[in-house]
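# Analysis of the macromolecular model
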Amino acid sequence: MADLSEVRVVIVDDDPLVRAGLTMMLDGAAGITVVAALTDGDEVPAALDRHHVDVVLMDIRMPRVNGIIATRWVRARTRPPEVIMLTTFDTDEHVVRALRAGAGGFLLKDTPPDRIAAAIRAVAGGEPILSPAVTRRLMLRVAAGADAYEQARSALAALSPREREVALALARGDTNAQIAETLAMSVATVKAHITHILTKLDLNNRTQVAMLAHDAGLL
């Protein structure tokens, strides 16, 4: 989780006007610093080697390496930064592919500046940036075949009963505070359960847990 007093951001977009606009907007936002602005996904690994980064703001369509592939690279690193996909393309296919690659959220480029800044702070703090309604809509559009169903069921069987309750709450889109209230535990305990769930399931973030629960038919 990032030190929320300063969230370090890398912007990746092949459009120079978008890069310049985002850099100007985010550098003026309290608690956010843009450490690099890149032109394509193939520049991401070197930038992450040079800088400590908390959040990568990633375009999807780029000429050399697209944002989906670059996101997989980012999330495969040790102690990886979070990724927010920022794009003009809002099809379910793009959203689902981005989330399955490990992105922590998905925003359109016409999102108001204050909401982009708020989303960056939220995902850096370990909270999802997709609303529960959007998350549920996307999960219901994902076709889970028989193989995916069995694999998801098998994976979730590794969880303890309490972890399973937390996983289902994540699938509903509940925040840490909501889960703590519903299950009568502290927020710190909720965070510990989420860490154990991600480790056991070999997943990157809570959205992937929600999608796994959907594949298992638990929603």
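Below: a short report on this structure. (Residues numbered from 1 in each chain as written. Predicted model: local features only at pLDDT ≥ 70, side-chain atom pairs only at ≥ 80, totals over all residues. Heavy atoms only, no water.)

## Focus on the packing of helix 1 (residues 16-27) against helix 5 (residues 113-124)
Two elements in contact, helix 1 and helix 5, have axes whose closest approach is 10 Å; the angle formed by their N-to-C orientations is 70°. Here helix 5 runs roughly perpendicular to helix 1, going by the angle between their axes. For the pair formed by helix 1 and helix 5, the contact residues are L22, M25 and L26 on the first element and P113, I116, A117 and I120 on the second. A class-by-class count of the residues in the contact of helix 1 with helix 5 yields seven nonpolar, no polar and no charged. (Axes fitted to C-alpha atoms, helices over the stretch in contact; angles between N-to-C directions. Helix = DSSP H or I, 4+ residues; strand = E, 2+ residues; numbered from the N terminus. Parallel < 35°, antiparallel > 145°, perpendicular 65-115°, else oblique. Contact = heavy atoms within 4.5 Å. Nonpolar A, V, L, I, M, F, W, Y, C, P; charged D, E, K, R; others polar.)

## Some remarks on the pattern of salt bridges
For the structure on display, the rule yields ten salt bridges. The partner of K109 in a salt bridge is D13, with the nearest N and O atoms 2.8 Å apart. Here K109 is found in the loop between strand 5 (105-108) and helix 5, whereas its partner D13 is found in the loop between strand 1 (7-12) and helix 1, with 96 residues between them in sequence. Exposure remark for K109: the relative accessible area of 27% places this residue in the partly exposed category. Since its relative accessible area comes to 2%, D13 is described here as buried. With a shortest N-O distance of 3.6 Å, R172 and D174 are connected by a salt bridge. Relative accessible area serves as the criterion here: at 39%, R172 is assigned to the partly exposed category. Each of D13, D59 and K109 takes part in one network of salt bridges that share partners. (Salt bridge = Lys/Arg side-chain N within 4 Å of Asp/Glu carboxyl O. Buried < 20%, exposed > 50% of the residue type's maximum accessible area, 1.4 Å probe, protein only.)

## So, the nonpolar core
With 27 residues, the main nonpolar core has V10, V12, V44, V56, M58 and M85 as its most contacted residues. Looking at this core, the element that brings in the most residues is helix 4 (residues 92-100), giving four residues. If sequence neighbours within four positions are ignored, V12 has contacts with L38, D40, G41, V44, V56, L57, M58, D59 and M62. By size, the runner-up hydrophobic cluster in this structure holds 21 residues, among which are L26, L86, A119 and I129. (Core = buried A, V, L, I, M, F, W, Y, C linked by side-chain atoms within 4.5 Å.)

## Quick notes on the packing of helix 9 (residues 176-183) against helix 10 (residues 187-201)
Relative orientation of the contacting elements helix 9 and helix 10 amounts to 105°, with a least axis distance of 8 Å. It follows that helix 9 is roughly perpendicular to helix 10 by the angle criterion. Judged by residue contacts, N176, A177, I179 and A180 of helix 9 engage V187, V190, K191 and I194 from helix 10.

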